[in-house]
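Given next are the chains, with one letter for each unit.
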Amino acid sequence: MQTVPAQPRHPSGEQGRRPVPRHVACVMDGNGRWAQQRSLPRTSGHSAAEATVIDVIEAARSAGVEWLSLYAFSTENWRRPGEEVDFLMRLVRRVVRKHALLLHARGIRCRLLGAEDPRIPAPLARDFADLMTLTEANRGMTLTVAFDHGGRQDIVAAARSLIRAGVPADAVDQACFAAHLPVPDTPDVDLVIRTSGEQRISNFMLWQVAYAEWIFPPVLWPDFRAPHLLECLHEYRGRDRRFGGVAPQAKG
């Protein structure tokens, strides 16, 4: 696993700033509170989030982000009330079927991280598979949907894969371990955005976010739009990423 991910070029006219992040990950938080503030059921917040998802995907692609990962459903979310889980499954299926052709037309390659639990409805699993097949040859931005995902689960899966492969203990280094993670070609995350002001990792891509920058905008996810994303990218580009080192001392 590379220590410092490769970065895309600077946008025109901004040579003095850090490049846009290659890989942005979003923890889409605040749907329930958005609905509660409006005296609506929690499911209304999830429905309202659809517009944000599409807006953020398009804004990230236009800004030059190469990889975008969205935390849609965690392994812990199965603990929610059954009615809410069932609604989320139906909603995600509708969103996938509604926007698949648009994502393909934009040249976006769609990937899935997780989705191993047998409780996932078979029609939704088929729609995920169809979406990945439809877009697998695209060479634009890669969109990863983390669904039924847990960072610890992925690390355990990598350890099991190493054991099954009979890799000697002394041969296991970071690059070797990363190669056994699910979707192993995913680059390290450069920027994590968690909406709603909450400041937790929530078991999200634990290996990949080791050196990520974090931004916690207070806006709830259904109200998050392209300008908010661009503000986060701008803040990221002004930060000094040292990866555990120190900044070079100015001479004189």
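The structure displayed is predicted, hence computed values, not measured ones. (Residues numbered from 1 in each chain as written. Predicted model: local features only at pLDDT ≥ 70, side-chain atom pairs only at ≥ 80, totals over all residues. Heavy atoms only, no water.)

1. Digging into the overall build of the chain
Alright, step 1. Within the chain one finds seven helices and six strands.
Alright, step 2. Seen in sequence order, the chain has helices and strands lined up from the N terminus as β-α-α-β-α-β-α-β-α-α-β-β-α.
Alright, step 3. Residue burial in the chain is summarised as follows: out of 252 residues, 46% are buried.
Alright, step 4. For the chain, the proportion of contacts with a sequence separation of at least 24, taken over those separated by at least 6, is 75%.
Alright, step 5. As displayed, the chain has an accessible area near 12900 Å², and 53% of this comes from carbon and sulfur atoms. (Helix = DSSP H or I, 4+ residues; strand = E, 2+ residues; numbered from the N terminus. Buried < 20%, exposed > 50% of the residue type's maximum accessible area, 1.4 Å probe, protein only. Contact = heavy atoms within 4.5 Å. Areas by Shrake-Rupley, 256 points an atom, 1.4 Å probe, with all protein chains shown as cover.)

2. Here we look at the nonpolar core
Alright, step 1. Core analysis: the biggest nonpolar cluster contains 43 residues, and Cys 26, Ile 57, Leu 68, Leu 143 and Phe 147 have the highest contact counts within it.
Alright, step 2. Ranked by residue count, the leading element in this core is helix H3 (residues 82–105), at seven residues.
Alright, step 3. Apart from residues lying up to four places away in sequence, Cys 26 is in contact with Val 56, Leu 68, Ser 69, Leu 70, Tyr 71, Ile 193, Phe 204 and Trp 221.
Alright, step 4. One finds Val 27, Tyr 71, Val 192 and Val 209 within the second-largest nonpolar core, a separate group that totals 13 residues. (Core = buried A, V, L, I, M, F, W, Y, C linked by side-chain atoms within 4.5 Å.)

3. Considering helix H2 (residues 42–63)
Alright, step 1. With 22 residues, H2 extends 32 Å from end C-alpha to end C-alpha; this agrees with the ideal 32 Å at 1.5 Å per step.
Alright, step 2. The sharpest bend along H2 measures roughly 25° and falls at Glu 50.
Alright, step 3. Buried positions along H2 lie against strand S1 (23–27), helix H1 (31–37), strand S2 (67–74), H3, strand S4 (142–149) and helix H7 (226–237). (Expected span 1.5 Å × (residues − 1). Bend = angle between axes of the 7 residues up to and from the residue.)

4. What about the pattern of salt bridges?
Alright, step 1. Taken as a whole, this structure holds 18 salt bridges when the rule is applied.
Alright, step 2. With a shortest N-O distance of 3.2 Å, Arg 97 and Asp 127 are connected by a salt bridge. Of this pair, Arg 97 sits in helix H3 while Asp 127 sits in helix H4 (residues 122–135), and the two are 30 residues apart along the sequence.
Alright, step 3. A residue is classified by how much of its surface remains accessible, and Asp 127, at 8% relative accessible area, is buried.
Alright, step 4. Because the salt bridges share partners, they merge into one network encompassing Asp 29, Arg 33, Arg 194, Glu 198 and Arg 200. (Salt bridge = Lys/Arg side-chain N within 4 Å of Asp/Glu carboxyl O.)

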